[in-house]
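# Examining the three-dimensional arrangement
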Amino acid sequence: MTASSRRAGRAPSRPTGREWSGRAGLARRRRPRWARLPFALAALLAPAPGLLAQAASAGPVVVGTKNFGESYLLGEMFAQLLEARGYTVARRPGLGASELVFQALRTRSIDVYPEYTGTGLLAILGRDPPEDATAAYREVADAFRREWDLRWLPPLGFENTFAITVRARTADSLGLETISDLAAVAPRLIAGFTPDFIGRADGLVGLREAYGLEPGRTRSLLQAVKYRAIAEGEVDFIDGYSTDGFIARYDLTVLRDDLGFFPPYDAAPVVTGELVRERPDVVAVLAELSGRFDEELMRSLNQRVEVDGEPLQSVAAYGLRVIGLVERGAAGGVEGRGSRAGRPGSEGSLLGYLWDRRAETLRLTGRHLWLVLLSLTAGILVAVPLGLALERARRSAETTIRAMGLLQTIPSIALLAFMIPFLGIGVAPAVVALVLYSLFPIVRNTYTGVRDADAAAVEAARALGMTDAQLLAYVRLPLAAPVIMAGVRTAAVITVGTATLAAFIGAGGLGDPIVAGLALSDTRLVLSGAIPAAVLALLVDGALSLVERGVAPGGLGGGGGGA
Amino acid sequence: MPPGPAGATSTKGAAEMNQALEARGVVKRFGEVLALDSVSLAVAPGERVALVGESGSGKTTLLRSFNRMVEPDAGEVLVDGSSVAARDPVALRRSIGYVQQEGGLLPHWSVLRNACLVPWLSGSARPEEHGMRALGRVGLPAEEFGSRWPRELSGGQRQRVALARALAGEPRVILLDEPFGALDAISRAELRRAFAELARALSVTVLLVTHDIEEAFMLADRVAVMKDGHIEQVAEPAALRTAPDTRYVRDLLEKAGVR
């Protein structure tokens, strides 16, 4: 109650003069006073010529993004601008939610990603942001610099705040204009929020306190399906972004934040201190983007990607041309680059689309298979001896196996996020996570397989003078082999599936198009990853079932005897 | 003349030579249960002794203490006059034949490979020859049966293979734990007869656990009746029949219809 009154009490003091334009009304709050900032900063960072030559020969600049369309687009624009200026770039798009991509930057796994001031303050620093955009920027920039030696470059010039959004029809029939109006009828309505928003202090938690907003039901929806869900009436209101391209397309109305709840969300590139010190030329290039955007531009670019389905690369190139940073054709070859090409003509059939992407799909499948085999091999090397050890220490076996089962229930994303501080992003944390997920079925089957191996045979062999090692090698393992292989098969199928999530931490594989497709609402892109992943799971399972038959010792029923 | 084992509790007055098997005051507890309550027993070389008694009387525990499948809590177990506690259990087991109720053939090994197990483990130069000879002795010629899987044999045939496997290493002692217990009456009678002939021919020392008194009387030179972890009486079948020491022994024989 105190928090609520604090927020409410503070509202009148917010800067006025905000305009709300129609249903897709956007916060035109405080035209940020960034105008002079970029130049000051660029001057500050202006590199010595010698440094520039040296830095240009360094490794690629690693650009990360979050897993929604606008973040992809901004990251792609960062990348193309750097490429146009002669730098090599490594793209790490779609690194999960705020926490994942931030951890990636903090651990220096990436050099830069686009972030929003309000998110930095609330979700990362856990602070109540000031209402003034400039003050918010200063505070977040100061804190990032002091705590992690991370630097906020001057803002890009547009804000992308949360926008509580309803169907225009709903707004009309219920007479909704503000979030306060919504709070009055919310118990009768269904909310569709991203998991991120539900948990964030500047999301549902804060809305409850500030507005007393209590939805009748809250459904947790991914960004990609949220708009379709509201358009089809599955939910009644959602957390949109004010620059989303979908708001116009689906005939939605943004409700006014009449209590001034949502903090400023100015977008800016965030870079590491090392990049500022060692490659100031790179930072200067990124700083060129500062102040060049506005909400109008960003929404139209987002719409081209999310609604019209134009390829990300060509929209990014178009955006850079519009803001005057890159000449036509200067980002040469970008549109033609096969790897992350978006949708070709929307009339092409799915099969044709998949066929066009075959080279990329093959490359991703190879990468995926490599991740799976690496993880599975490591998993077997850990799990089989562990299962055998447990069989020797049966007292602790059940407890250990149950604990490993619990490990299995940790959501993959949480496990991946948990590992970034230790292992950064990329292949290492992905493989460790996949190994952890593969342990349970293999350990359990090794343990039970060896424990339940024909007790009379084991007993007799021991009584006739087999050593423990001989018993294991000639009796227990051969008899348990089919059971162990069944565990390996289960683990393999789990691993093929879970490996698609490796894309969230930049490990590549078939998850790349799935994550990108979900972020960009591009179903065909999702399918171009999901279909090969499913086929791969079937093939791996089939191949292992042959191995399983191969390792099954003769004489156990089925298969040939000597007679 | 070798000195006899000091304080040996031999019942046959053969103190001047080593007993093939000997238990001296053996005690074994499984948790709360006293499985063997200071049991002493001696088996002379070439002698066939049967252990009879109800389930839980301790006969299998006593049998398994001779090849160190069970380690006694107190007392001493000797094979060929030397304490088994001082011997390497693996080497000891390879020198003693063993057959259990459900044969325990390795299901993923052929009949011949099962039969050669002990010679192979002991590093014999030609384990197959030993295995083939043993299979021949139990009436399963290797040419016909050697390459079959255990599951392709009848129950009686499987127990024959188990017997061949126990004999292939040419042990001087063989331990049998209900070897015919799971068979139908006909296979059982057949196998008993075959075994009796074989044991006599090989003059191997036999310790046999069975709950079938008739079987014990037929196969053994002496029978030990066990009850609650101790031996009630050890005697030749005729002596047991005519002069049971205790009421329990008399009732047991009566129930079995051998009095």
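Residues numbered from 1 in each chain as written. Chains lettered and ligands numbered in written order. Predicted model: local features only at pLDDT ≥ 70, side-chain atom pairs only at ≥ 80, totals over all residues.

## A closer look at the overall build of chain B
Counting its secondary structure elements, chain B contains eleven helices and ten strands. Across the 259 residues of chain B, 49% fall into the buried class. Looking at chain B alone, contacts between residues at least 24 apart form 66% of all its contacts between residues at least 6 apart. (Helix = DSSP H or I, 4+ residues; strand = E, 2+ residues; numbered from the N terminus. Buried ≥ 20, exposed ≤ 12 C-beta atoms within 10 Å, placed from the backbone. Contact = placed C-beta atoms within 7 Å.)

## Focus on the overall build of chain A
Check the secondary structure of chain A and you find 26 helices and ten strands. Sequence separation of 24 or more characterises 78% of the internal contacts of chain A that already satisfy a separation of 6 or more.

## Structural notes on the interface of chain B and chain A
With 23 residues of chain B in contact, the opposing surface of chain A contributes 22 residues. Put simply, the parts of the chain that give the side of chain B that touches chain A at least two residues each are helix H2 (89–94) and helix H4 (117–121) of chain B. Among the residues making up the side of chain B that touches chain A, the classes are represented as eleven nonpolar, six polar and six charged. (Nonpolar A, V, L, I, M, F, W, Y, C, P; charged D, E, K, R; others polar.)

## Structural notes on unusual backbone geometry
Among all residues except glycine, the phi angle is most often negative; among peptide bonds, the trans geometry is most common. Residues and elements named next belong to chain B. Phi angles above zero are rare outside glycine, and Arg68 is one such case at about 60 degrees. Overall, Arg68 belongs to the buried group, with 20 C-beta atoms counted inside 10 Å. A positive phi angle, close to 45 degrees, is found at Asp228, a residue other than glycine. Note on placement: Asp228 falls in the loop between strand E9 (222–227) and strand E10 (230–235).

## Focus on the nonpolar core
Most often, soluble globular proteins keep nonpolar side chains buried together rather than apart. One finds Val112, Leu286 and Ile505 of chain A together with Leu51, Leu135, Ala164 and Leu207 of chain B to be the most contacted residues of the largest nonpolar core, which totals 199 residues. With 14 residues, the single largest contributor to this core is helix H22 (residues 427–451) of chain A. In terms of domain composition, this core takes at least three residues from each of domain 1 (31–158 + 267–322) and domain 3 (356–551) of chain A. Residues within four places of Ala164 of chain B in sequence aside, it is in contact with Ala115, Ala134, Leu135, Arg137, Val138 and Leu140 of chain B. The next biggest cluster of nonpolar side chains, apart from the first, holds 33 residues, and it includes Leu176, Tyr241, Ile247 and Leu255 of chain A. (Core = buried A, V, L, I, M, F, W, Y, C linked by C-beta atoms within 7 Å. Domains from an automatic or database assignment.)

## A look at helix H25 (residues 511–519) of chain A
All names here are of chain A. The buried fraction of H25 amounts to nine of the nine residues, a majority that puts the element mostly inside the structure. The complete set of buried residues in H25 reads Gly511, Asp512, Pro513, Ile514, Val515, Ala516, Gly517, Leu518 and Ala519. Phi turns positive one or two residues past the end of H25, at Ser521, with a value near 55 degrees.

## Remarks on the environment of Ser98 of chain A
Residue and element names in this part refer to chain A. Within the secondary structure, Ser98 is located in helix H5 (residues 98–106). A C-alpha to C-alpha distance of 7.9 Å links Ser98 and Thr119, two positions 21 residues apart in sequence. Those residues in contact with Ser98 that lie beyond four places of it in its chain are Lys66, Thr119, Ala123, Ile124 and Asp196.

## What about the confidence of the model for chain B?
Residue and element names in this part refer to chain B. The predicted model of chain B averages 88 in pLDDT, with 93% of residues at 70 or higher. Here residues 1–16 is modelled with pLDDT under 50, and outside its nearest four sequence neighbours on either side it reaches 16 contacts, counting other chains as well. Per the prediction output, this complex has pTM 0.68; the corresponding ipTM is 0.88. (pLDDT = per-residue confidence, 0-100.)

## Points about the pairing of strand E8 (residues 205–209) of chain B
Residues and elements named next belong to chain B. The buried fraction of E8 amounts to five of the five residues, a majority that puts the element mostly inside the structure. Relative to E8, strand E3 (residues 48–52) runs parallel, the two being bridged by four bridges. Bridge pairing links Val49 to Leu207 in E8. For strand E7 (residues 173–177) and E8, the ladder comprises five bridges, and the chain directions are parallel. Within the sheet, the bridge partner assigned to Val173 lies in E8 and is Thr205. A crossover connection joins E7 to the parallel E8 through helix H8 (residues 185–202); in handedness this β-α-β unit is right-handed. (Pairing = 2+ DSSP bridges. Right-handed = clockwise from strand over helix to strand, strands pointing away.)

## Concerning the sheet that holds strand E8 (residues 237–241) of chain A
Strand-to-strand pairing in sheets goes through backbone hydrogen bonds, with the strands running parallel or antiparallel. Residue and element names in this part refer to chain A. If you trace the five strands from one edge of the open sheet to the other, you get E7-E6-E8-E5-E9, paired in mixed fashion. Across the chains shown, the open sheet's two edge strands, defined by having one partner strand only, are strand E7 (217–220) and strand E9 (252–254). On average, adjacent strands in this sheet sit at an angle of 35 degrees to one another, irrespective of strand direction. Of the pairings in the sheet, the one linking strand E5 (residues 162–167) to E8 comprises five bridges and is antiparallel in character. Bridge pairing in E8 places Ile164 opposite Asp239. (Axes fitted to C-alpha atoms, helices over the stretch in contact; angles between N-to-C directions.)

## Thoughts on helix H7 (residues 155–167) of chain B
Residues and elements named next belong to chain B. Across its 13 residues, H7 extends 19 Å between first and last C-alpha, which sits within 8% of the 18 Å expected from 1.5 Å per residue. Along H7, eleven of the 13 residues are buried, which leaves the element largely enclosed by surrounding structure. Among all positions of H7, only Gln157, Arg158, Gln159, Arg160, Val161, Ala162, Leu163, Ala164, Arg165, Ala166 and Leu167 are buried. Residues of H7 that are buried make contact with strand E6 (96–99), helix H3 (111–115), H4, helix H5 (127–137), E7 and H8. (Expected span 1.5 Å × (residues − 1).)

## Considerations on the packing of helix H24 (residues 468–498) of chain A against helix H26 (residues 523–551) of chain A
Residue and element names in this part refer to chain A. Contact pair H24 / H26: the axes reach a minimum separation of 9 Å and the direction vectors enclose 170 degrees. Compared by their axis directions, H24 and H26 come out roughly antiparallel. The segment H24 lies against H26, with Ala481, Pro482, Met485, Ala486, Val488, Arg489, Ala492, Val493, Val496 and Gly497 engaging Ala533, Leu536, Ala537, Val540, Asp541, Leu544, Ser545, Val547, Glu548 and Val551. Here the residues of the contact of H24 with H26 are counted per class, giving 15 nonpolar, two polar and three charged. (Parallel < 35°, antiparallel > 145°, perpendicular 65-115°, else oblique.)

## Observations regarding the sheet that holds E7 of chain B
Residues and elements named next belong to chain B. Read across the open sheet, the six strands follow the order E6-E7-E8-E3-E9-E10; overall the sheet is mixed. The sheet terminates laterally at E6 and E10, the two strands that pair on one side only. The average angle at which neighbouring strand axes cross in this sheet is 15 degrees, direction not considered. As paired strands, E3 and E9 are joined by four bridges and run parallel to one another. From the neighbouring strand, Val52 faces E9, where its bridge partner is Val225. Running over the sheet, H7 touches E6 and E7 and is turned about 165 degrees from E6.

## Observations concerning the environment of Val258 of chain B
Residue and element names in this part refer to chain B. With respect to the helices and strands, the residue Val258 is situated in the segment after helix H11 (247–256). Among the residues examined, Val258 registers 15 C-beta atoms within 10 Å and is labelled partly exposed. Distance in space between the C-alpha atoms of Val258 and Phe217 is 8.6 Å, their sequence separation being 41 residues. With sequence-adjacent residues up to four places away left out, Val258 is seen in contact with Ile213, Glu214, Phe217, Arg241 and Leu253.

## Things to note about the confidence of the model for chain A
The predicted structure's coordinates, where accompanied by low pLDDT, should not be read in detail. Residue and element names in this part refer to chain A. On average, residues of chain A score 81 in pLDDT, and 85% of them are at 70 or above. Under a pLDDT of 50 for its full length, residues 1–56 has, in the predicted model, 79 contacts with residues more than four places off or in other chains. Throughout residues 558–563 the model reports pLDDT below 50, and contacts reaching past four residues in sequence, or to other chains, amount to 14 contacts.

## Focus on the environment of Ala267 of chain A
Residues and elements named next belong to chain A. With respect to the helices and strands, the residue Ala267 is situated in strand E10 (residues 267–272). The spatial distance from the C-alpha of Ala267 to the C-alpha of Glu159 is 6.0 Å, given a sequence separation of 108 residues. With sequence-adjacent residues up to four places away left out, Ala267 is seen in contact with Leu74, Pro114, Tyr116, Pro155, Leu156, Phe158 and Asn160.

## Quick look at the packing of helix H19 (residues 358–392) of chain A against H26 of chain A
Residue and element names in this part refer to chain A. It is the contact of H19 with H26, at a shortest axis distance of 11 Å, that shows an interaxial angle of 45 degrees. Overall, the two elements H19 and H26 adopt an arrangement that is oblique. Both H19 and H26 take part in a crossing whose hand is right-handed. Seen from H19, the contacting residues are Thr361, Thr365, His368, Leu369 and Val372; seen from H26, they are Ser528, Pro532, Ala533, Leu536 and Val540. Broken down by class, the residue content of the contact of H19 with H26 amounts to six nonpolar, four polar and no charged. (Left-handed = near helix turned anticlockwise from the far one by under 90°.)

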